[in-house]
Amino acid sequence: MRGRGWWAIVAVLTVLVMAPGWTMAGTYKDEYKMSIVVGPKGPWGEGAQKFADLVRERTQGRINIKCYFAGQLFAGKQTNEFMLMRQGVIDFALASTINWSPQVPSLNLFALPFFFESYEQLDAVKNGAPGMELFRQIEERGVVPLAWGENGFRELTNRVRAVDSPEAIKGLKVRVVGSPIFIDTFRALEANPINMNWGEAQTAFQQGTVDGQENPVNAVIIPYQLWQVHKYISIWHYAIDPLILGASQKTWKTFSPEDQAILKQAAVDACAWEIQQARQGLQGDMSALDTLRQNGMEVTVFTPQMRAAFREKTQAVYNDWKEKIGADLVTQAEKLLGR
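Computed from a predicted structure; not experimentally measured.

## Looking at the overall build of the protein chain
Okay, step 1: The helix and strand tally for the protein chain stands at 16 helices and 9 strands.
Okay, step 2: For 339 residues, the compact-globule formula gives about 20 Å, and the C-alpha radius of gyration of the protein chain, at 22 Å, lands near that figure.
Okay, step 3: C-alpha atoms of the protein chain, sized along the principal axes, occupy 90 × 40 × 35 Å.
Okay, step 4: Relative to its 339 residues, the protein chain shows a buried fraction of 53%.
Okay, step 5: A separation threshold of at least 6 residues defines the contact pool for the protein chain, and within that pool the share at least 24 residues apart is 74%.
Okay, step 6: For the protein chain, the exposed surface amounts to about 15200 Å²; the carbon and sulfur share of it is 53%.
Okay, step 7: Put simply, the protein chain has 35 plus and 35 minus side-chain charges, and the middle of one group is 6 Å from the middle of the other.

In structure tokens, the structure reads:
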């Protein structure tokens, strides 16, 4: 009897485990890997850790997420991150839309030159039909998007001169993100875009072989104290860099519906906090810019007229990339922006 009873129990457990959409908590991994391009300091890295901490707390330790900072999981090539998530090698990521754009070209919407003028415009697009369509396309490709985060508007710093007109940027050697749309934009402005990793770029700034760079204020310019190598900064809002907190679809399917709901809410909460940190001092009185001035930087805040001159100079890039991104998607965003 004991033998037959034992096998009956085994049979019942087998049926339960094999039932679609049902996973025993005991089968969860001991550790889930989360990829972050940057280090642990600053809004991006701290936001990722906050998500991991919230998940561990709210699941009573059933789901343990370890943050792998500074690109440890993709061997130095940031654009591999999405592919590794699709394969299930990486379980979670808080990632830049720039790094996922090779696999999801429509994410280049946020890199259209001089398209977004304010955080309010960005929020309207993220929370509206364009944002939902982008999330649909990402999930269709094997990654489940959970929430929007933010790296920030990408601003220009350099060591040579104040940039307040298209003529002033001509000939400057500027380290840019390696995405084609960024290179096209700087070439249209008749600058000299140079793609190199961040470690090499910092050495080049110190040696004066590269004149400038483009990055967000709170995420890079202040933490890396770029005033030590660059005297001038242009607050020109030429591109915005949203983040997306996502999960590998292969990993996501292993969680119970209850745990999926916990993960989703933890992502929303962590990213809301992260966005607040990324924007701190960059709205209203722009107090974050005082830090730059106090450290000797000459700050040029663009007026609408100044942005219009740069937009006109890069119109061909805009037209070309509108088709690559998807004309319908860009048109939807244009309407939300009142254009």
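## Side note on the environment of Cys271
Okay, step 1: Among the structural elements, Cys271 can be located in helix H12 (residues 257-279).
Okay, step 2: On the accessibility criterion, Cys271 (2% relative accessible area) is buried.
Okay, step 3: Along the primary structure Cys271 and Leu336 are separated by 65 residues, whereas in three dimensions their C-alpha atoms are 23 Å apart.
Okay, step 4: Setting aside chain neighbours within four positions, we find Cys271 in contact with Leu94, Ala147, Trp148, Gly149 and Leu245.

## Side note on helix H14 (residues 304-313)
Okay, step 1: Every buried residue belonging to H14 is among Met306, Arg307 and Phe310, and all of these are buried. For H14, the angular spread of the buried residues around the axis is 95°, confining them to a single face. In H14, the exposed positions that point more than 90 degrees away from the buried face belong to Pro304, Gln305 and Glu312.
Okay, step 2: Looking at the buried residues of H14, the elements they touch are helix H7 (166-169), strand E8 (232-248) and strand E9 (298-301).

## Brief notes about the layout of surface pockets
Okay, step 1: In this structure, the largest pocket spans a volume of roughly 1000 Å³.
Okay, step 2: What lines the largest pocket is a set of 39 residues, and nearest its centre among them are Val37, Gln78, Asn99, Arg175 and Trp198.
Okay, step 3: Every element with two or more residues in the lining of the largest pocket is listed here: helix H2 (42-58), helix H4 (97-100), strand E4 (143-158), helix H9 (198-207) and helix H10 (217-221).
Okay, step 4: For the lining of the largest pocket, the element with the most residues is H2, which contributes 3 residues.
Okay, step 5: Across the lining of the largest pocket, the residue classes tally to 18 nonpolar, 16 polar and 5 charged.
Okay, step 6: Considered as a void within the structure, the second largest pocket measures approximately 170 Å³ in volume.
Okay, step 7: Around the second largest pocket sit Glu117, Ile235, His237, Met286, Val301, Phe302, Thr303, Pro304, Arg307 and Arg311, which together line it.

## Section: the side chain of Asn158
Okay, step 1: Tracing the chain through its elements places Asn158 in strand E4.
Okay, step 2: Of note is the side chain of Asn158, whose polar atom sits 2.8 Å from the backbone oxygen of Arg161.
Okay, step 3: Apart from residues lying up to four places away in sequence, Asn158 is in contact with Val163, Leu172, Asp211, Gly212, His230, Lys231 and Tyr232.

## Structural notes on the environment of Val299
Okay, step 1: Take Val299: it is sitting in strand E9.
Okay, step 2: Sequence separation between Val299 and Lys170 is 129 residues; the distance between their C-alpha atoms is 19 Å.
Okay, step 3: Setting aside anything within four residues of it in sequence, one finds Val299 in contact with Ile233, Ile235, Leu289, Leu292 and Arg293.

## Details of the pairing of E4
Okay, step 1: Summarising burial for E4: 16 of the 16 residues are buried, a large majority.
Okay, step 2: Strand direction decides the pairing type here: E4 and E8, joined by 13 bridges, are antiparallel. Counterpart to Phe153 in the pairing with E8 is Ile240.
Okay, step 3: Sheet topology places E4 next to strand E7 (residues 212-215); 4 bridges connect them, and they run antiparallel.

What counts, and at which threshold
Residues numbered from 1 in each chain as written. Predicted model: local features only at pLDDT ≥ 70, side-chain atom pairs only at ≥ 80, totals over all residues. Heavy atoms only, no water. Helix = DSSP H or I, 4+ residues; strand = E, 2+ residues; numbered from the N terminus. Rg over C-alpha atoms; globule rule 2.2 N^0.38 Å. Buried < 20%, exposed > 50% of the residue type's maximum accessible area, 1.4 Å probe, protein only. Contact = heavy atoms within 4.5 Å. Areas by Shrake-Rupley, 256 points an atom, 1.4 Å probe, with all protein chains shown as cover. Lys, Arg positive; Asp, Glu negative; His and termini not counted. Charge placed at Lys NZ, Arg CZ, Asp CG, Glu CD. Arc of directions from axis to C-beta. 1 Å grid on protein atoms, 1.4 Å probe; cavity = no way out; pocket = protein on both sides within 12 Å on 5 of 7 lines; lining within 4 Å. Points joined across faces, edges and corners; volume = space filled by probe spheres on them. Nonpolar A, V, L, I, M, F, W, Y, C, P; charged D, E, K, R; others polar. Polar contact = N/O pair within 3.5 Å; in protein donor to acceptor, adjacent residues only side chain to side chain. Pairing = 2+ DSSP bridges.

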